[in-house]
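# Descriptive analysis of the structure
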Amino acid sequence: MTEVVDYLIIGGGPAGTTAAETIRNEDPNGRIVILEDENHPMYSRIKIPFYLREIRTREELFLRTFDSYKEKNIEFLAGKSVSSIDTAASTVQTADGPEFGYKKLLISTGGKPRKLNKYQNEHSMQTVEDADKILEDVRKAKRGVIIGSGFIALEFLETFLHFALETHLCIAKEGYWETMLTKEMSDVVCGIFEKKGVKIYFGGTPDFINAKDVILGTGIGVDTSKDFFTGAGLKYEAGLVTNSNLQTNIENVYAAGDVVKYHSQKLDREVRYGNWTNAIMSGKYAGANMAGKNEVFDVLSAYSITEEKVGLSVVFLGFSGKDDQTQVKSKKVLDNQGMQFFIRNGKLDGCILINLPAERQKYQTIIEERQDFTYNA
Amino acid sequence: MKKIAKIVVERPLCIGAGTCVVVADKVFKMDEENIAVVIEGHSASDEDILAAAQSCPTAAILLYDEDGKLIYPPEKK
């Protein structure tokens, strides 16, 4: 017989866990079940670099324990992947058999890193197990090669420099973070890397990539885990589309975290963000709305990363993409500092600050308050 | 839970994600180096402070009770 639960959550990462805890605060008695395909309670992927640099232990990656879910009367079922959803029958089929019925469903499955599957020594940096493998191999390596640009490539850079490896970075011809940065800003970032002795390959790879003393890290983006909801009637357009309440086109189905593409009322545009703060906050709002509230999710995405060995701090505020509606302008301030603006209809929709952390509050206010913005070169 | 008497941000662990500021903007702000700091004289509830600490991706926010005992993150056994 199919068990029907009040709140079923697919994915127990930051978005799913926060949603479950928020629901529990709103509804002390409803039955909450989390289906998590990994074998761990919620942990921080962002803390993995600290584990790799031996600043924190493996155990300290975990931000929740199985007991902490139990204490809140949340059923956390680890190692349970979902094979399909039937939104008409309000049921979810797990890969190992049991079917769950739901009154409210949350999809918070995030993404899976893309892999090249071309090289034997290829490493991703997403799971605890990935981190274990990196740590095992990085100590044996003399050279580090990274393919890709973005957050994960930065973390590989920081890790390889920490282990004093000869470090090689392979990026697109157009430059670093080519989907977001202008050539001018990419040059600033690449200049910072080169100052640390990193050799950069634009559109190519070194010929020794398969050598025994090489560890290879790839950070070529993530794909939404969407196979399990294909055919379920959920609207998907490079993200699971929701309204501002994080409700999908199907009434009792919500989404949170990296998978969500929602309408930001503040920016008046569809946005999708893949960062920790967005995962936590969308989980909080989705959970509250599943439990009966009616709250608009419109937290300005603000995220940053600081890499000491690389010598780079990057702040991302709001929307940061290249599209037809958006004017993209950048300004190099010093050799290792720059700022980039995303402007639409005379307003600032987002910006990226490179090694200019003190400017964060100023631009955050301009974006949040929807002040008029003119770019001055 | 015992009352929170002291909040410490471990600066080397803070990556400036700013989640704590979004969760509890009366308690935390970002400084000039993009590191979270505690706002002096804040009057937030323990519940809000705990929620902010629990939301930190690097667990850089430490909470202590009046006896100096660590409340969050829970000590690993």
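Above this text sits the structure in question.
Residues numbered from 1 in each chain as written. Chains lettered and ligands numbered in written order. Predicted model: local features only at pLDDT ≥ 70, side-chain atom pairs only at ≥ 80, totals over all residues. Heavy atoms only, no water.

### Description of the overall build of chain B
Counting its secondary structure elements, chain B contains two helices and five strands. Start at the N end of chain B and walk to the C end: the helices and strands fall as β-α-β-β-α-β-β. Compactness check: chain B gives a C-alpha radius of gyration of 12 Å against a globular reference of 11 Å for 77 residues, within 12% of the reference. By its C-alpha atoms, chain B is 30 × 30 × 15 Å across when sized along the principal axes. Of the accessible surface of chain B, which amounts to about 4,000 Å², a share of 50% is contributed by carbon and sulfur atoms. Distance between charge centres in chain B, computed from 9 positive and 13 negative side chains, equals 5 Å. (Helix = DSSP H or I, 4+ residues; strand = E, 2+ residues; numbered from the N terminus. Rg over C-alpha atoms; globule rule 2.2 N^0.38 Å. Areas by Shrake-Rupley, 256 points an atom, 1.4 Å probe, with all protein chains shown as cover. Lys, Arg positive; Asp, Glu negative; His and termini not counted. Charge placed at Lys NZ, Arg CZ, Asp CG, Glu CD.)

### Here's the deal with the nonpolar core
The nonpolar side chains of a soluble globular protein tend to be buried with one another. Residues Ile85, Tyr176, Phe193, Ile354 and Tyr363 of chain A together with Leu63 of chain B are the most contacted members of the largest nonpolar core, which totals 143 residues. Residues in contact with isoleucine 85 of chain A, not counting those within four places in the same chain, are Ile10, Thr91, Val92, Tyr102, Leu105, Ile107, Phe228, Phe229 and Ala232 of chain A. Membership of the second largest hydrophobic core comes to nine residues, among which are Ile147, Cys170, Tyr201 and Leu216 of chain A. (Core = buried A, V, L, I, M, F, W, Y, C linked by side-chain atoms within 4.5 Å. Buried < 20%, exposed > 50% of the residue type's maximum accessible area, 1.4 Å probe, protein only. Contact = heavy atoms within 4.5 Å.)

### What to know about the pairing of strand β19 (residues 312-318) of chain A
All names here are of chain A. With seven of seven residues buried, β19 is to be regarded as a mostly interior element. In this structure, strand β18 (residues 302-307) lies alongside β19, joined through six bridges in antiparallel fashion. Residue isoleucine 305 lies in a different strand from β19, and its bridge partner there is valine 314. Hairpin remark: β18 followed by β19, antiparallel, with four residues in the connecting loop; positive phi at glycine 311, about 85 degrees. As judged from the five bridges shared by β19 and strand β22 (residues 347-354), these two strands associate in the antiparallel manner. Paired with valine 315 across the two strands is leucine 353, which belongs to β22. (Pairing = 2+ DSSP bridges.)

### Comments concerning the environment of arginine 269 of chain A
Residues and elements named next belong to chain A. Locating arginine 269 in the fold gives a position in strand β17 (residues 269-271). Ignoring anything within four residues of it in the chain, the contact list for arginine 269 reads Tyr262, His263, Ser264, Phe319, Asp323, Gln325, Thr326, Arg344 and Asp349. Among the polar contacts listed, one links the side chain of arginine 269 to the side chain of threonine 326, at a separation of 2.9 Å. (Polar contact = N/O pair within 3.5 Å; in protein donor to acceptor, adjacent residues only side chain to side chain.)

### Points about the sheet that holds strand β1 (residues 4-9) of chain B
All names here are of chain B. Here three strands make up an open sheet; going across it, the order is β1-β4-β5 and the pairing antiparallel. Edge positions in the sheet fall to β1 and β5 (70-72), since each has one partner strand and no second. Shown here is a sheet whose adjacent strand axes are inclined to one another by a mean of 35 degrees, direction ignored. For strand β4 (residues 61-65) and β5, the ladder comprises two bridges, and the chain directions are antiparallel. Bridge pairing in β5 places tyrosine 64 opposite leucine 70. Helix α2 (residues 46-55) rests against β1, β4 and β5 of the sheet, and its axis sits at about 145 degrees to β4. (Axes fitted to C-alpha atoms, helices over the stretch in contact; angles between N-to-C directions.)

### Some points on helix α1 (residues 14-26) of chain A
All names here are of chain A. Given a rise of 1.5 Å per residue, 13 residues ought to cover 18 Å, and the 18 Å separating the end C-alpha atoms of α1 matches this to within 8%. The buried fraction of α1 amounts to 11 of the 13 residues, a majority that puts the element mostly inside the structure. Regarding α1, the residues found buried are Pro14, Ala15, Gly16, Thr17, Thr18, Ala19, Ala20, Glu21, Thr22, Ile23 and Arg24. (Expected span 1.5 Å × (residues − 1).)

### Considering the packing of α1 of chain A against helix α7 (residues 276-290) of chain A
Residue and element names in this part refer to chain A. Two elements in contact, α1 and α7, have axes whose closest approach is 7 Å; the angle formed by their N-to-C orientations is 35 degrees. Between α1 and α7 lies a crossing of right-handed hand. Of α7, the residues touching α1 (which contributes Pro14, Ala15, Thr18, Ala19, Thr22 and Ile23) are Trp276, Ala279, Ile280, Gly283, Lys284, Gly287, Ala288 and Met290. Class assignment of the residues belonging to the contact of α1 with α7 gives a composition of nine nonpolar, four polar and one charged. (Left-handed = near helix turned anticlockwise from the far one by under 90°. Nonpolar A, V, L, I, M, F, W, Y, C, P; charged D, E, K, R; others polar.)

### Some details on unusual backbone geometry
In this structure, the amide linkage connecting tyrosine 72 of chain B to the following residue, proline 73 of chain B, adopts the cis form with an omega of -5 degrees. With a phi angle near 55 degrees, serine 90 of chain A is a residue other than glycine that sits in the positive phi range. Within the fold, serine 90 of chain A resides in the loop between β4 (82-86) and β5 (91-94). With phi around 55 degrees, asparagine 355 of chain A is a residue other than glycine that occupies positive phi space. Note that asparagine 355 of chain A resides in the loop between β22 and α8 (360-368).

### Things to note about helix α6 (residues 183-195) of chain A
Residue and element names in this part refer to chain A. A rise of 1.5 Å per residue sets the reference length of α6, with its 13 residues, at 18 Å; its end C-alpha atoms lie 18 Å apart and thus fit the reference within 8%. The set of residues buried in α6 consists of Met185, Ser186, Val188, Val189, Cys190, Ile192 and Phe193. One or two residues past the end of α6 sits glycine 197, with phi positive at roughly 90 degrees.

### Focus on the side chain of threonine 326 of chain A
All names here are of chain A. As for its placement among the helices and strands, threonine 326 is situated in the loop between β19 and β20 (327-334). For threonine 326, the side chain forms a polar contact with the side chain of aspartate 323, separated by 2.5 Å. If we ignore the near neighbours within four places in the chain, the residues touching threonine 326 are Arg269, Phe319, Gly321, Phe342, Ile343 and Arg344.

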